[in-house]
Amino acid sequence: MEKIEREKLMDALFEGKVIVTFDKLNGDERVMTCTLKNDLLPESFDSNKLKEDVTSTPSEESSAIGQNQAVWDTTAGGWRSFRWDRLKGYEIA
């Protein structure tokens, strides 16, 4: 995913709910409604810590493209993750 699209998705996650579509490691497609908005997360977690990771330097970001992104699954009520290199698309919920 291009840097600009990645930043847009991260902004959307911090602002509210987002529906992401991605391929799981076993090849199955998964659609998940998720967020990183503090008001929607468990009280014990502060998503501002994750914002620091988003503002990494270009060399750090380029090496992180294939990494997992932790998100709060609002349907399951728990932490889940997706791999950036397996993300197929997203839409604002």
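Everything quoted here is computed from the prediction, not taken from an experiment.

Caption draft 1: Fine view of the packing of aromatic side chains. If you walk through the whole model with that rule in mind, you get 3 aromatic pairs. Each ring, one from Trp 72 and one from Trp 79, has its centre 5.4 Å from the other, and the planes form 80°; the classification is edge-to-face. Taking relative accessible area as the criterion, Trp 79 reaches 33% and is therefore assigned partly exposed. Over the face of the ring belonging to Trp 84 we find Arg 6, whose NZ or CZ atom lies 4.4 Å from the ring centre.

Caption draft 2: Here's a closer look at the environment of Asn 26. Topologically, Asn 26 is positioned in the loop between β1 (18-23) and β2 (29-35). Owing to a relative accessible area of 54%, Asn 26 belongs among the exposed residues under this scheme. A polar contact of 2.9 Å, which involves the side chain of Asn 26, links it to the backbone nitrogen of Asp 28.

Caption draft 3: Structural view of the sheet that holds strand β4 (residues 78-83). The antiparallel open sheet is built from 5 strands, whose spatial order is β4-β3-β2-β1-β5. In this open sheet, the two strands that pair with only one neighbour each are β4 and β5 (87-92). Along the sheet, successive strands turn relative to each other by an average axial angle of 35°, direction set aside. Pairing geometry for strand β3 (residues 68-73) and β4, over 6 bridges, is antiparallel. Across the sheet, the residue bridging to Trp 72 is Trp 79, located in β4.

The rules we used
Residues numbered from 1 in each chain as written. Predicted model: local features only at pLDDT ≥ 70, side-chain atom pairs only at ≥ 80, totals over all residues. Heavy atoms only, no water. Phe/Tyr/Trp six-rings, centres within 6.5 Å; stacked < 30°, edge-to-face > 60°. Buried < 20%, exposed > 50% of the residue type's maximum accessible area, 1.4 Å probe, protein only. Lys NZ or Arg CZ within 6 Å of the ring centre and 35° of its normal. Helix = DSSP H or I, 4+ residues; strand = E, 2+ residues; numbered from the N terminus. Polar contact = N/O pair within 3.5 Å; in protein donor to acceptor, adjacent residues only side chain to side chain. Pairing = 2+ DSSP bridges. Axes fitted to C-alpha atoms, helices over the stretch in contact; angles between N-to-C directions.

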